[in-house]
Amino acid sequence: MLHGNAVSKKIVKELLKSDYAVLIVLLLFIIIATFIVPSFFSLRNMINLLVRTSATGIAAIGMTFVILTGGIDLSIGGIVVLTAYIGAETLISDLGVNIWLTAIAMPVVGALMGAFNGFNIVSLGMPPFIATLIGMNLARGLAQFLYKGKTVFGLPEVYALFGCGTVGGVPIPILILIFVFILAFLVLQFNAFGRRVYAVGSNAKAAWLSGVNTQNVIFSAYVISGFLAGLTALIMSSRLTSVVGGLGLNLELDTIAAVVIGGTSLFGGEGGIFGSVIGALIIEMIGNVLTLGGVSPFFQMVAKGIVLWAAVALDMTRKGYTFRKFGSF
Amino acid sequence: MLDGSLKPDEGEIFIHGKSVNLESPKAAMLQGITMIPQELDLLPHLSIAENIMFYQLSVGYKQVSWKQLIETASQKLEELGEPFNVKQRVGKLSIAQQQIVAIAKALVSDARIIILDEPTSALGGQDIERFFTVLRKLKNQGISMIFISHRLNEVLEVADCLTVLRDGCNLGTYQKGALTEARLSELIVGRPVSDKYPRVECKQGGEVLRVENLSIGGKLHKVSFVLKEGEVLGIVGALGAGKSELALALFGGIPVVVNGEVLLKGEKISLSCPAKAIAKGFALVPEDRRRMGLIFNKSIRFNITLSSLKWLSRSGFVIGKLEREISTRLVYDLGIKCRDIEQIVEYLSGGNQQKVVIAKGLVARSRVIILDEPTRGIDVGAKVEIYNLINKLKRQGVGVLLLSSDVNELCGVADRILVLIQGRVVREFSRAEASEREIQQLVLSEVKV
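Throughout this description, residue numbers start from 1 for each chain and increase along the sequence as written. Chain A is the first chain written and ligand 1 is the first ligand written, with later ones labelled in order. pLDDT decides what is reported in this predicted model: residues at 70 or higher carry local features, side-chain atom pairs at 80 or more are listed and counted, and totals for whole chains, interfaces and linings draw on all residues regardless.

### Some words on the overall build of chain A
A run of DSSP states H or I qualifies as a helix once it reaches four residues; a run of E qualifies as a strand once it reaches two. Both are numbered from the N-terminal end. Secondary structure summary: chain A contains 14 helices and 2 strands in total. Expected size for 329 residues packed as a compact globule is a radius of gyration near 20 Å; at 20 Å, chain A falls within 12% of this value. Using C-beta atoms placed from the backbone, we call a residue buried if 20 or more other C-beta atoms fall within 10 Å of its own, exposed if 12 or fewer do, and partly exposed for counts in between. Among the 329 residues that make up chain A, the fraction classed as buried is 48%. Contact between residues is assigned whenever the C-beta positions, reconstructed from backbone atoms, fall within 7 Å. Relative to all contacts within chain A whose residues are 6 or more apart in sequence, the contacts with residues 24 or more apart total 77%. In this treatment the radius of gyration is a C-alpha quantity, and the globule benchmark scales as 2.2 Å times the residue count to the 0.38 power.

### Let's talk about the overall build of chain B
From N to C terminus, chain B includes 17 helices and 19 strands. Counting across all 449 residues of chain B, residues that qualify as buried make up 40%. Across chain B, contacts joining residues at least 24 apart in sequence account for 67% of those joining residues at least 6 apart.

### Quick word on the domain arrangement of chain B
The domain architecture assigned to chain B consists of domain 1 (32–159) and domain 2 (207–445). These domain boundaries are the output of an automatic or database domain assignment. The C-alpha-based centres of domain 1 of chain B and domain 2 of chain B are spaced at 34 Å.

### Quick word on the sheet that holds strand β9 (residues 220–228) of chain B
Residues and elements named next belong to chain B. Strands sit in the order β9-β8-β11-β12 across an open sheet of 4 strands; the sheet is antiparallel. In this open sheet, the two strands that pair with only one neighbour each are β9 and β12 (267–269). Along the sheet, successive strands turn relative to each other by an average axial angle of 15°, direction set aside. Structural elements are reduced to axes, namely lines fitted to C-alpha atoms, with helices fitted over the stretch in contact, and the angle between N-to-C directions of any two is expressed from 0 to 180 degrees. Lying on the sheet, helix α9 (residues 243–250) is in contact with β8 (207–216), β9 and β11 (258–264); it crosses β9 at an angle near 65°. Strands were regarded as paired on the criterion that DSSP finds at least two bridges between them.

### Quick notes on the interface of chain A and chain B
In this complex, chain A contributes 23 residues to the contact, which on the side of chain B involves 25 residues. With 6 residues, helix α9 (residues 192–202) of chain A is the largest single contributor of residues to the side of chain A that touches chain B.

### A short note on the sheet that holds strand β13 (residues 282–285) of chain B
Residues and elements named next belong to chain B. Pairing within the open sheet is mixed, and its 6 strands lie in the order β13-β16-β17-β10-β18-β19. Each edge of the sheet is formed by a strand with only one pairing partner; in this case those strands are β13 and β19 (424–430). Between one strand and the next, the sheet's axes are offset by a mean angle of 20°, whatever the strand orientation. Judged from the 5 bridges that link them, strand β16 (residues 368–372) and strand β17 (residues 399–404) form a sheet pairing that is parallel. By the bridge assignment for β17, I369 is matched with V400. On the sheet, α9 packs against β10 (232–236), β13, β16, β17 and β18 (416–421) and is oriented at approximately 150° with respect to β16.

### Side note on the packing of helix α4 (residues 76–94) of chain A against helix α6 (residues 128–147) of chain A
Axis angle and axis distance: for two packed helices, these are the angle between their axes and the distance between the axes, and together they describe the pair. All names here are of chain A. As a packed pair, α4 and α6 sit with axes 7 Å apart at the nearest point and diverge in direction by 35°. When you trace α4 past α6, the crossing you get is left-handed. Here G77, G78, I79, V81, L82, Y85 and E89 of α4 come into contact with α6, specifically with G135, M136, A139, R140, L142, A143 and Y147. Gly is placed with the polar residues, together with every amino acid not listed as nonpolar (Ala, Val, Leu, Ile, Met, Phe, Trp, Tyr, Cys and Pro) or charged (Asp, Glu, Lys and Arg). Across the contact of α4 with α6, the residue classes break down as 9 nonpolar, 3 polar and 2 charged. Here a crossing is taken to be left-handed if its near helix is turned anticlockwise relative to the far helix by less than a right angle, and right-handed if that turn runs clockwise.

### A look at helix α5 (residues 95–108) of chain B
Residue and element names in this part refer to chain B. Multiplying 1.5 Å by the residue count of a helix minus one yields the expected span of that helix. A rise of 1.5 Å per residue sets the reference length of α5, with its 14 residues, at 20 Å; its end C-alpha atoms lie 20 Å apart and thus fit the reference within 8%. Taken across its 14 residues, α5 has 10 buried, putting it largely inside the fold. Taken as a whole, α5 has its buried residues at A96, Q99, I100, V101, A102, I103, A104, K105, A106 and L107. Within two residues after α5, D110 carries a phi angle of roughly 55°, on the positive side.

### Focus on the nonpolar core
Counting 180 residues, the largest nonpolar core has V80 of chain A together with I370, L401 and L402 of chain B as the members making the most contacts within it. Residue contributions to this core peak at 15 residues, all from helix α11 (residues 214–240) of chain A. Beyond its immediate sequence surroundings of up to four residues, L402 of chain B is in contact with V232, L233, G234, L371, I390, L410, V413 and A414 of chain B. Core membership is restricted to buried Ala, Val, Leu, Ile, Met, Phe, Trp, Tyr and Cys residues, and these are joined into a nonpolar core through C-beta atoms within 7 Å. By size, the runner-up hydrophobic cluster in this structure holds 32 residues, among which are A73, V90, L107 and I115 of chain B.

### Quick word on the confidence of the model for chain B
Detailed reading of the predicted model is not advised wherever pLDDT is low. Residues and elements named next belong to chain B. Confidence scores labelled pLDDT are given residue by residue by the predictor and lie between 0 and 100. With 92% of its residues at a pLDDT of 70 or more, chain B shows a mean pLDDT of 82. Mean pLDDT in chain B bottoms out at helix α8 (residues 181–189), which sits at 73, and peaks at helix α12 (residues 300–305), which reaches 94. Scored as a complex, the prediction yields pTM 0.81 and ipTM 0.85.

### Re the pairing of strand β4 (residues 113–117) of chain B
Residue and element names in this part refer to chain B. Taken together, the 4 bridges between strand β3 (residues 33–36) and β4 define a ladder with parallel strand orientation. What sits directly across from T34, in β4, is I114. The pairing of β4 with strand β5 (residues 144–148) spans 5 bridges and is classified as parallel. Residue L116 lies in a different strand from β5, and its bridge partner there is F147.

### Re the packing of α4 of chain A against helix α5 (residues 99–122) of chain A
All names here are of chain A. The contact between α4 and α5 brings their axes to 9 Å, and the two run at 145°. Considering how the two elements wind past one another, α4 and α5 form a crossing that is right-handed. Here I79, T83, I86, G87, L91 and I92 of α4 lie close against α5, whose contacting residues are I99, T102, A105, M106, V109, G110 and M113. In terms of residue class, the contact of α4 with α5 is made up of 9 nonpolar, 4 polar and no charged.

### Digging into the confidence of the model for chain A
Put simply, chain A has an average pLDDT of 89, and 93% of its residues get 70 or more. This model gives residues 325–329 of chain A a pLDDT under 50, and the stretch forms 5 contacts once residues within four places in sequence are excluded.

### Observations concerning α6 of chain A
Residues and elements named next belong to chain A. Helix length check: α6 (20 residues) gives 28 Å between terminal C-alpha atoms against 28 Å at 1.5 Å per residue, within 8%. Turning to α6, its buried residues number three or more, namely P128, A131, T132, G135, A139, R140, A143 and Y147. One face of α6 carries all of its buried residues, which in axial projection span an arc of 150°. Exposed residues pointing more than 90 degrees away from the buried face of α6 are listed as I130, G141 and F145. Directions are taken from the helix axis to each C-beta atom, and the arc is the one they span.

### Notes on the environment of G154 of chain A
Within the secondary structure, G154 of chain A sits in the loop between α6 and α7 (161–164). With 149 residues separating them in the primary sequence, G154 of chain A and A303 of chain A have C-alpha atoms 35 Å apart.

### Let's talk about the pairing of β8 of chain B
Residue and element names in this part refer to chain B. The pairing of β8 with β9 spans 6 bridges and is antiparallel. Counted as the bridge partner of L209 is L227 from β9. Counting the residues that bridge the hairpin from β8 to β9 gives 3 residues, and of these G218 lies at a positive phi of roughly 80°. Pairing of β8 with β11, which is carried by 6 bridges, proceeds in the antiparallel orientation. Note on β11: the bridge partner recorded for E212 is E261.

Here is the structure:
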C-alpha cells in the first residue's frame, strides 16, 4: 500500500524522468517571467518571442540530429552568416537572382557546407568537434574576408516576407518552424533513417554490424544541420531585411544549450526534437525577459549560463548521476 | 555489494563476527575485502609494480621509492609462485597473467577476503589450472575467497563450500562433495536438466557456403571449409586462435585486407561490409553482446528489426503494425522472457539478450548464421534453450556456423568440428570420430603461453 505522500512523490519522480520534464521548466519560467515583467505576457511580446524562437528552434532541430549521432556541430553560426551574405549580397544584390530562387538556394548552400563537415568527419576521420571547428572558422572567416563585414541594405521588400510576413495572422517563421518540426519528428520517430540515427548514436559498432551504413547516417546528419542553418539564415536576414557581420554569432552555443536543456544526451542516442524546440524557447525567453526588465545585456550570457547549469544539473539528477562515488562511474 | 560499490536495502554484513558498514570500496578494503571484477580494473599503461602498489601510491603525497616499490611488488608475485619482471607494462601481459597481478594487488593491501567474479571466463584450459594452483596457495595462507562463476565443474573442483543463487535468491549452501554436477545444474535451472546438449538429426541439403583460402594478415591462414544447409559446423579454438576474426571476416566486419574467396550457393561474394553480408543472407551473433550485438539502451523491438528496416518499411517509413507483429511473434517463438516488446534490452538477462540478437538475424531471413561464443556468460538453462534454437534453425535448412572454445558444447551440438589453432584449421572431426578428450588435448597442446 502506498501512502498519499508516496504516490505524489512517485508521480513527481516519473514526471521528472519523462521526456516532457522540460515543459515543467518552461512553465516555471513563464510564471517567474510574468511576475517580474508584466509586459512579458502581452500578445505582441509573445509573438515576437515565438518569431525569434523559430530561427533558433530550426537551427536546434538540425543540431539535434547531429547530437543524436553522438557528434556536435560548431559551424552553425558560421554557416548562417556566410549563407546570408551569399544569398542577400551575391545572389540578390549583385546577380539579381529571383527572391524565390534565392530562398531555395540558401538552405542548399548551407547543406553543401554541412556536407563539407560530414566529409571531413566520415572520410577523413576527423573528430566532429575539430571538423566543425574548422567549418566554423572557414565559414565565418570567409564571410568576413569576402564581404569585409559590411552591412547589406536595400533588399527588395518581398524579401522581408520570410521573416515578417503572416498567413492568416500567423507569422511565416512560426509556420516554417512548425513545418520543419513535423517533418523532423516524423523522420526521427517513424522513418528507417531516424531509427538508424538513434542506433548509430547509441552504439555505432553494433549498428554497423547490424547492417546500418553508419557513415551515410553521420554524413546525412551534418547535411541536415547545414541545410537547416541555411534556412535559419534566410529567416534571420529576412526579418532584419539586412545582413550584418555579426549575424548568427554564438548561435551554435545557443542551439547546443537548447538541445541539452531539452534533455537530449550529449553522448548521442537519447532524446528528441520536441525538447530542443522548447529549449530554444527557454533560451530566447531569457534574453527577452532580461531586455524587457531593463537588465544589462552583458548579464544575459550569465543568465544563460545559470539556466544551462540548472538544466544539466536537473538532467543528471533525474538520471541518478549526481553525488555518486567516483568508483561507480 | 560486498566491496562497497552498492548499498544494501536491508540486512547486515558481519566480518569476524562484527557487523560492519561498507559504504565505499575503500571502506571494504580497510576491512580486508577486495573484489577482483570480471573486467580487471588494472591500468594497462602502467607497469606491473605500479599496478600492484596502486593504493599505496595513491594515498597522500609521500615521496615514493621506486626501488622499494619494485621490491615489494616482485616479492608478492614470488609468494604466488609467479615471478614476473615487474617493470613490464600490464597491457602487454596475457589475461591470465593480469589476473595474477590483480591478486597480488589485493594482497599488498592486506586483503583477507578476495571476491573473484567469473575469473576464468576469459582463460583457456592450462591457464585455469595455473590459476587454481595460485588459489590453493592463497587458501593455505589463510585467505578466504568467494569464487563467483557459472562454470559448474570449476566451482565443484575448487570450492570448499558452495552457495547456489538463482534470480537473487539463496537456494542453499552445500559442502564440497555434497553435490554432483547434474544436481547442481538442476538447482540452478529449477528443474532437472535431462539433456545438457540437445541435438536433432536432420537431412542436410546442398552446399550453402564455401570458404576457400581465407586469410587475414597474421590472424588467419588459408582457412577453407564447406557448410551445408541444415548443418551445424562447429569451429573450436582457444582464445586468440582467430575464431572471432573468422566470424567477423565472413560477415564483412573486418575493414583490413582479407584474401580468399567466399561463395554463397556457388556465387562469389565480396566481404566489404556487414550491410552487404546481411543482404546476402548472413547473420552474425557476435561474441560481445554489449559492444557488438545490441543497442543496449533501446527496446527489444528496436533491436530485432534493426537489420531489416528496408523490407519493413514503405517509402522509408517503418510500418509500425508489421514491425510489432514480427517482434511479438519472435519474442514468443524464441521464448524471450520480457514484459513486452518495448522493454529495454539492457534489463534482460544474458540469455534473453542473446536470443534478441538471434531474433535480429531471423527477421533478416538469413541462410547462414554465424554464432560466435553464443553461450558465454549465460546460465545452464538458457544455454539449453540456445541449443534448441540452433536445432530449430537446422531443421529450417539454415547453415549454422558455431564458433566456441567449449569443446563439450561442440561435441554435443555440432555435426562436424574443425579445430582452429593459431589461425589455421589443423584437423576436421566428423561427429562419429569426435572425442572430447582428443579435441581438448589438441586445442590445448598448441597453445603456448
